[in-house]
Amino acid sequence: MSANLSAIFYLISGVLFILALRGLSSPETSRRGNLFGILGMIIAITVTFLSIGNFSTGIIYVLIFLLVGGLIGTFIAYKIPMTAMPELVAGFHSLVGLAAVFVAISAFLNPEAFNLGFPGNIKIGSLIEMSIGAAVGAITFSGSIIAFLKLRGIMSGSPITFKGQHYINLLLGLSIIVLIFYLCKTQSDSFFWGTIAISFLLGLLLIIPIGGADMPVVISMLNSYSGWAAAGIGFTLENTALIITGALVGSSGAILSYIMCKGMNRSFFNVILGGWGISENSSSKNTEQRPVKNGNAEDAAFLMKNASSVIIVPGYGMAVAQAQHALREMVDILKKNGIKVSYAIHPVAGRMPGHMNVLLAEANVPYDEVFELEEINNDFANCDVAFVIGANDVTNPIAKTDPQSPIYGMPVLDVEKCKSVLFVKRSLSPGYAGVDNELFYRDNTLMLFADAKKMTDDIIKNLN
Amino acid sequence: MEIDPFIFRLSIFVLSILIGYYVVWSVTPSLHTPLMSVTNAISSVIIVGAIIASLSGNEKNIFELSNTFGFLAIFLAAINIFGGFLVTQRMLQMYKKRKKDK
């Protein structure tokens with residue numbers, strides 16, 4: 001196959017990838033979009049085989065590695081529970097990063113294969129492209145590993161900070177640039193390996209200071225990095241499909257990071273520099289015991305049964321307690337009694353963008369009953385009962401009133417405007433931000449102290 | 001004077017970033033998790049580089065260092081491609097509309 005013809009096919013697969021993302025604009029078109037993506041991938045791989053044309057014995061090994069990897073991927077895809085999606089995505093990012101590093105290494109060792117010159121005499125442009133690809137890939141890899149360990153709970157989610165941390169990172173970042181410069185000047189491979197090694201270290205150090213609940217931003221950011229790494233390799237290999245994809249993924253991850261930061265009202269740099277949630281001990285001083293109204297499942301069932309509309313506010317705690325199926329059962333009973341039920345999702349509910357929506361979809365909650373913050377926030381005022389399950393900071397009215405609060409300015413769900421609020425929580429402990437929730441002490445709030453799943457089950461019993 | 005092919009690739013890159021910007025903003029927030037898993041899958045198109053790397057070089061020594069890195073990259077990318085697309089499909093299958101029967 002001629003180089004021009006294969007370039008056209010790579011362009012086609014790039015366009016199919018754009019259509020794959022475009023399909024995600026609504027759930028109806030999303031499945032077809034995913035098929036476009038698969039088709040694009042098949043075209044890209046097939047064209048690559050045809051353009052090589054040289055079916056040596058090596059091809060058997062290529063197919064074996066492809067098949068083994070594919071089987072493992074398939075196995076993971078069908079076995080993974082939906083609550084573990086954030087870890088899975090972080091894990092996948094690390095693989096893309098490492099694959100980028102490996103491809104860059106083989107291009108460096110055997111540049112003739114890619115028409116980039118000869119070992120020791122590689123074109124400067126290609127050398128820069130492949131080292132950027134390798135460096136970003138390495139950062140993505142080690143950063144994602146840390147994110148994976150934190151999400152999985154193998155590593156503590158609390159931020160690890162030490163003095164001068166940011167200067168060390170800056171120094172490492174600068175030394176990568178210096179190493180690439182000398183690599184171009186001398187073509188010596190020790191600079192290439194040095195670049196990769198330092199990038200691995202930088203990826204580690206970048207993610208360790210970031211706290212557990214900031215993971216939505218971290219995952220999105222690493223998503224973006226994996227895209228830029230792919231684009232860097234795309235430039236090296238002069239491959240359109242890879243350049244288009246890299247750019248798409250890079251901007252996608254960047255936009256998601258932006259949305260997540262906005263959902264927490266924090267600047268991107270504030271999140272990246274990390275260490276949030278440990279220094280904020282100012283608010284813990286005034287936690288004298290204030291009276292709260294304590295309720296049980298019977299009260300909750302009574303309130304909801306006599307309501308005409310209920311809004312459910314799920315949070316990460318619901319996912320931890322695996323309460324989503326019980327919750328849907330409860331909602332089914334309410335709906336049977338003619339009560340209007342909808343779900344309100346905060347942008348940073350869950351551990352990754354859109355995580356709560358997937359969990360509800362898995363529990364068979366129809367997606368047209370689930371609303372985003374801007375869509376539903378005005379409805380709380382006309383609603384009888386808000387049922388907050390596993391969420392905390394995202395409902396705190398203090399974010400609107402107290403400029404001293406660390407969460408001031410964060411968009412919150414106006415839960416307090418409901419006639420009554422049911423708050424399922426295990427204790428009065430503050431949420432991740434370390435801020436006491438004003439809502440607990442309001443007259444119209446009834447606290448239901450229990451595990452989310454157990455409480456929901458009890459309410460179901462009382463409803464029947 | 002002839003234009004360096006790099007400039008063409010750079011144009012594709014810049015325009016694709018813009019396309020990505022508009023396309024991703026139009027993605028509904030409820031599908032942001034599938035968005036991440038599918039971008040994960042498509043960025044593994046890096047496998048094309050891995051295939052070229054692993055099939056180049058001489059016949060006699062298939063497992064030269066550069067080829068070996070190619071094989072490993074194929075393995076990693078293949079996990080991602082299959083895993084990414086299939087888990088996305090699995091998630092998307094769960095999104096259902098309200099039943100009309102009431």
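What you see is a predicted model; the values in this text were computed from it and never measured. (Residues numbered from 1 in each chain as written. Chains lettered and ligands numbered in written order. Predicted model: local features only at pLDDT ≥ 70, side-chain atom pairs only at ≥ 80, totals over all residues. Heavy atoms only, no water.)

**Student:** I keep staring at the overall build of chain B and nothing clicks. Help me out?
**Tutor:** Scanning chain B from terminus to terminus reveals 4 helices and 0 strands. Secondary structure elements of chain B occur, N-terminal to C-terminal, as α-α-α-α. Against the 2.2 N^0.38 benchmark of 13 Å for 102 residues, chain B shows a C-alpha radius of gyration of 20 Å, more extended than a compact globule. Here the C-alpha coordinates of chain B stretch approximately 70 × 45 × 15 Å along the principal axes. Counting only residues that meet the buried cut, chain B has 58% of its 102 residues in that class. (Helix = DSSP H or I, 4+ residues; strand = E, 2+ residues; numbered from the N terminus. Rg over C-alpha atoms; globule rule 2.2 N^0.38 Å. Buried < 20%, exposed > 50% of the residue type's maximum accessible area, 1.4 Å probe, protein only.)

**Student:** Looking at this structure, I do not really get the interface of chain A and chain B. What am I missing?
**Tutor:** How big an interface is tends to be expressed through the accessible area that disappears when the partners come together. Between chain A and chain B, the residue contacts involve 104 residues of the former and 80 residues of the latter. Overall, the association of chain A and chain B removes approximately 8,500 Å² of surface from exposure, summing both partners, and the carbon and sulfur fraction of that is 77%. Counting the surface chain A buries against chain B, the share from its top three residues, A:Leu24, A:Arg31 and A:Phe65, is 8%. Linking chain A to chain B there are 1 salt bridge. With a shortest N-O distance of 3.4 Å, B:Arg9 and A:Glu238 are connected by a salt bridge. Here chain A and chain B share 16 residue pairs in polar contact (both at pLDDT 80 or more) between them. At the level of secondary structure, the elements contributing two or more residues to the side of chain A that touches chain B comprise α1 (3–23), α2 (27–52), α3 (58–79), α4 (85–109), α8 (215–237), α9 (240–263) and α14 (355–362) of chain A. Here the side of chain A that touches chain B gets 16 residues from one element, more than from any other, and that element is α3(A). A breakdown of the residues in the side of chain A that touches chain B according to their chemical character gives 64 nonpolar, 29 polar and 11 charged. (Contact = heavy atoms within 4.5 Å. Buried area = accessible area lost by both parts, 1.4 Å probe. Salt bridge = Lys/Arg side-chain N within 4 Å of Asp/Glu carboxyl O. Polar contact = N/O pair within 3.5 Å; in protein donor to acceptor, adjacent residues only side chain to side chain. Nonpolar A, V, L, I, M, F, W, Y, C, P; charged D, E, K, R; others polar.)

**Student:** Looking at this structure, how should I read the pattern of salt bridges?
**Tutor:** When the charged atoms of two side chains lie near each other, side chains of opposite charge can form a pair. Residue and element names in this part refer to chain A. Tallying each qualifying case throughout the model produces 12 salt bridges over all chains. Between glutamate 87 and arginine 152 there is a salt bridge, and its shortest N-O distance comes to 3.9 Å. One end of the pair, glutamate 87, is in helix α4; the other, arginine 152, is in helix α5 (residues 124–152), and 65 residues separate them in sequence. Judged by its relative accessible area of 10%, glutamate 87 falls in the buried class. In this structure, the salt-bridge partner of lysine 417 is aspartate 414, at a minimum N-O distance of 3.4 Å. Accessibility expressed as a relative area gives 9% for aspartate 414, which makes it buried. Connected through shared salt-bridge partners, Lys400, Asp414, Glu416 and Lys417 make up one network.

**Student:** Which parts of the structure should I look at to understand the nonpolar core?
**Tutor:** Across soluble globular proteins, nonpolar side chains have a tendency to be buried as a group. Counting 188 residues, the largest nonpolar core has A:Ile312, A:Met330, A:Phe380, A:Phe387 and A:Ile459 as its most contacted members. Not counting residues within four places of it along the chain, the set of residues in contact with A:Phe380 comprises A:Ile311, A:Val313, A:Ala344, A:Ala386, A:Leu413, A:Asp414, A:Val415, A:Lys417 and A:Cys418. Formed by 5 residues, the second largest nonpolar core is a distinct cluster that contains A:Phe235, A:Ile243, A:Ala247 and B:Phe13. (Core = buried A, V, L, I, M, F, W, Y, C linked by side-chain atoms within 4.5 Å.)

**Student:** Help me understand the pairing of strand β7 (residues 420–425) of chain A, please; the structure alone is not making it clear to me.
**Tutor:** Residues and elements named next belong to chain A. With respect to burial, β7 is a largely interior element, 6 of its 6 residues being buried. The alternating pattern of β7 places Ser420, Leu422 and Val424 on one face and Val421, Phe423 and Lys425 on the opposite face, and all of these are buried. When strand β6 (residues 385–389) meets β7, the two strands line up parallel, connected through 5 bridges. Bridge pairing in β7 links alanine 386 to valine 421. Across 5 bridges, β7 lies against strand β8 (residues 445–449) in parallel orientation. Looking at the pairing, valine 424 lines up with leucine 448 of β8. (Pairing = 2+ DSSP bridges.)

**Student:** It is not clear to me how helix α4 (residues 65–94) of chain B should be interpreted in this structure. Could you clarify?
**Tutor:** The periodicity of an α-helix, 3.6 residues per turn, causes residues three or four positions apart to be oriented the same way. Across its 30 residues, α4(B) extends 44 Å between first and last C-alpha, which sits within 8% of the 44 Å expected from 1.5 Å per residue. Counting buried positions along α4(B) yields 23 of 30 residues, so the element is predominantly enclosed. (Expected span 1.5 Å × (residues − 1).)

**Student:** In this structure, what is going on with α3(A)? I would like to understand it.
**Tutor:** Relative to the 32 Å expected for 22 residues at 1.5 Å per residue, α3(A) spans 32 Å between its end C-alpha atoms, a close match to the ideal helical length. Listed as buried for α3(A) are A:Gly58, A:Ile59, A:Val62, A:Leu66, A:Gly69, A:Gly70, A:Gly73 and A:Ala77. Within α3(A), the buried residues cover an arc of 110° as seen down the axis, which keeps them to one side. Across α3(A) from its buried face, at more than 90 degrees, point the exposed residues A:Leu67, A:Leu71, A:Phe75 and A:Lys79. Those residues of α3(A) that are buried lie in contact with α2 of chain A together with α3 (47–55) and α4 of chain B. (Arc of directions from axis to C-beta.)

**Student:** Help me understand the side chain of A:Glu416 in this model?
**Tutor:** Summarising the element assignment, A:Glu416 is placed in the loop between α16 (398–401) and β7. Those residues in contact with A:Glu416 that sit more than four places away from it in its chain are A:Pro397, A:Lys400, A:Val421, A:Leu439, A:Arg442 and A:Asn444.

**Student:** Looking at this structure, how should I read a nonpolar patch on the surface?
**Tutor:** A cluster of nonpolar residues, A:Tyr258, B:Ile3, B:Phe6, B:Ile7, B:Phe8, B:Leu10, B:Val14, B:Leu15, B:Leu18, B:Tyr21, B:Tyr22 and B:Trp25, forms a patch on the protein surface that exposes about 1,200 Å² of accessible area. Sorting elements by how many residues they give to the nonpolar patch places helix α1 (residues 5–25) of chain B first, with 10 residues. Along the chain, B:Phe8 turns up in helix α1. (Patch = residues over 30% accessible without salt bridge, like charges linked within 9 Å, V, L, I, M, F, W, Y side chains within 5 Å. Areas by Shrake-Rupley, 256 points an atom, 1.4 Å probe, with all protein chains shown as cover.)

**Student:** Can you help me understand the packing of aromatic side chains in this one?
**Tutor:** Two aromatic rings, taken as a pair, are described by how far apart their centres are and by the angle between their planes. Applying the stated criterion to the full structure yields 17 aromatic pairs over all chains. Arranged with centres 6.1 Å apart and planes meeting at 75°, the rings of A:Trp228 and B:Phe13 form a pair that is edge-to-face. Here A:Trp228 is found in helix α8, whereas its partner B:Phe13 is found in helix α1 on a different chain. You can call A:Trp228 partly exposed: its relative accessible area is 28%. By relative accessible area, B:Phe13 is classed as buried at 16%. If you follow A:Arg351 out to its NZ or CZ, it ends over the ring of A:Tyr316, 3.8 Å from the centre. (Phe/Tyr/Trp six-rings, centres within 6.5 Å; stacked < 30°, edge-to-face > 60°. Lys NZ or Arg CZ within 6 Å of the ring centre and 35° of its normal.)

So, to be careful, I would describe these as geometric facts and stop short of saying anything about function.
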